[in-house]
Amino acid sequence: MHLVLASRSPARLATLLSAGITPIVMVSDVDENEVLRRLKEAFSSSSDPSHEDPSPADQVLALAQAKCLAVADRLACASLDHTAVDEARAEDRTHEDLIVVGCDSMFELDGVMYGKPHNRLTAIERIRSMQGRSGTLWTGHYVALLTAQSHNSIDEESASPLAGVKPSRAPEPAADTPKSTDVAYQVARTAGRSASTTVYFGSMTDEEIKAYVDSGEPLEVAGSFTIDGLGGAFVRGVEGDPHSVVGISLPLLRSMLAELDVFWPDLWDQHNRPNGH
């Protein structure tokens, strides 16, 4: 069994690697703003007055689900990115079942949800508002178990159980790319959960804030901070799972996969596996 990470996050990749799992990385390129827009639209049209707005957990879970299923759809359609699966092929594991994991994080402060700042001025403003205070880092996790199927045993019209889920950019294989003719994947089961962790920030001088923002690190991370990089020195502590703040909760992920009857050690790299697995 092999794990596919539907994320370009270096922190999520590093977390999995440190846990003995080398994933295949396939970025979904989902339009996050569009996902949230549709989610809010669905909630506003609900007849239940208690569900007028999506909760923080709803938002990060919807984003994680969209990313996971966009990649799962590519695999279920047998539109394999052969570059992404080279490592698995080298280990002769491309025909094993796959676990696709999608995650998304957002930071809640004073009831407002924040994603990545993307620019310097926004990052400075957010960090100034956070210092000496606490906020909540929300991370959504969505997993899909894909089972390997013999290509000739799959009816063309039913090959993709996620046909209605369209990734924002469908990959077009190059003319010289060999096609997989003997295996495709079908989504067997899915699971989704959200996790929250309270983060306590220290006070920072204007010079420290400027230096941190100028490093570039906070520009492309949820909430404009990290705990596993340069920003770690400015975080006084966390209440909850620190892995969730990094972007992927290993304990939660293991629990979710157990619901799908996946044995966590089966995801470890070969040299870490116990005898008989």
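One can find the structure itself at the top, above this paragraph.
Remember, predicted model here, so these are calculated numbers, not experimental data.

(A) The overall build of the protein, seen in detail. Counting its secondary structure elements, the protein contains eight helices and seven strands. Each of the 277 residues in the protein was classed as buried or not, and the buried ones make up 45%. Put simply, 80% of the contacts in the protein that link residues at least 6 apart link residues at least 24 apart. Taken as a whole, the protein presents about 13,700 Å² of accessible surface, with 49% of it coming from carbon and sulfur.

(B) Focus on the environment of E96. Relative to the assigned elements, E96 resides in the loop between α4 (86-90) and β3 (98-109). Exposure remark for E96: the relative accessible area of 24% places this residue in the partly exposed category. Measuring from C-alpha to C-alpha, the distance between E96 and T147 comes to 7.5 Å, with 51 residues separating the pair along the chain. Not counting chain neighbours up to four residues away, the residues in contact with E96 comprise M1, H2, A148 and Y185.

(C) Local environment of the side chain of Q59. With respect to the secondary-structure elements, Q59 resides in helix α3 (residues 56-76). Since its relative accessible area comes to 8%, Q59 is described here as buried. Aside from chain neighbours lying at most four places away, what touches Q59 is L36, L39, P54, M106 and M113.

(D) Representation of the pattern of salt bridges in the model. Overall, the coordinates contain twelve salt bridges when judged by the stated rule. The salt bridge involving D206 is made with R128; its shortest N-O contact spans 3.6 Å. With D206 in helix α6 (residues 206-214) and R128 in helix α5 (residues 120-130), the pair connects residues that are 78 residues apart, well separated along the chain. Judged by its relative accessible area of 46%, R128 falls in the partly exposed class.

(E) How the structure looks around the packing of aromatic side chains. In this structure the tally under the stated criterion is four aromatic pairs. Put simply, the rings of F107, F201 and F225 touch in pairs and so form one group of aromatic residues.

(F) Expanded view of unusual backbone geometry. The phi angle at D110 is positive, at roughly 55 degrees, despite the residue not being glycine. Summarising the element assignment, D110 is placed in the loop between β3 and β4 (112-114). You can call D110 exposed: its relative accessible area is 60%. Even without being glycine, H118 reaches a positive phi, approximately 70 degrees. If you trace the backbone, H118 turns up in the loop between β4 and α5.

(G) Looking closely at the layout of surface pockets. Taken as a whole, the largest pocket spans an internal volume of roughly 860 Å³. What lines the largest pocket is a set of 37 residues, among which R12, K116, E220, V221 and A222 lie closest to the centre. When residues of the lining of the largest pocket are traced back to their parent elements, those giving at least two are α1 (10-18), α2 (32-44), α3, β3, β4 and α7 (242-246). When residues of the lining of the largest pocket are assigned to their parent elements, the largest contribution, four residues, is made by β3. Taken together, the residues of the lining of the largest pocket sort by class into 17 nonpolar, nine polar and eleven charged.

(H) Local environment of α5. For α5, the complete set of buried residues consists of A123, I124, R126, I127 and M130. G132 sits one or two residues past α5 and shows a positive phi near 75 degrees.

About the cut-offs
- Residues numbered from 1 in each chain as written.
- Predicted model: local features only at pLDDT ≥ 70, side-chain atom pairs only at ≥ 80, totals over all residues.
- Heavy atoms only, no water.
- Helix = DSSP H or I, 4+ residues; strand = E, 2+ residues; numbered from the N terminus.
- Buried < 20%, exposed > 50% of the residue type's maximum accessible area, 1.4 Å probe, protein only.
- Contact = heavy atoms within 4.5 Å.
- Areas by Shrake-Rupley, 256 points an atom, 1.4 Å probe, with all protein chains shown as cover.
- Salt bridge = Lys/Arg side-chain N within 4 Å of Asp/Glu carboxyl O.
- Phe/Tyr/Trp six-rings, centres within 6.5 Å; stacked < 30°, edge-to-face > 60°.
- 1 Å grid on protein atoms, 1.4 Å probe; cavity = no way out; pocket = protein on both sides within 12 Å on 5 of 7 lines; lining within 4 Å.
- Points joined across faces, edges and corners; volume = space filled by probe spheres on them.
- Nonpolar A, V, L, I, M, F, W, Y, C, P; charged D, E, K, R; others polar.

Nothing here speaks to function; it is geometry throughout.
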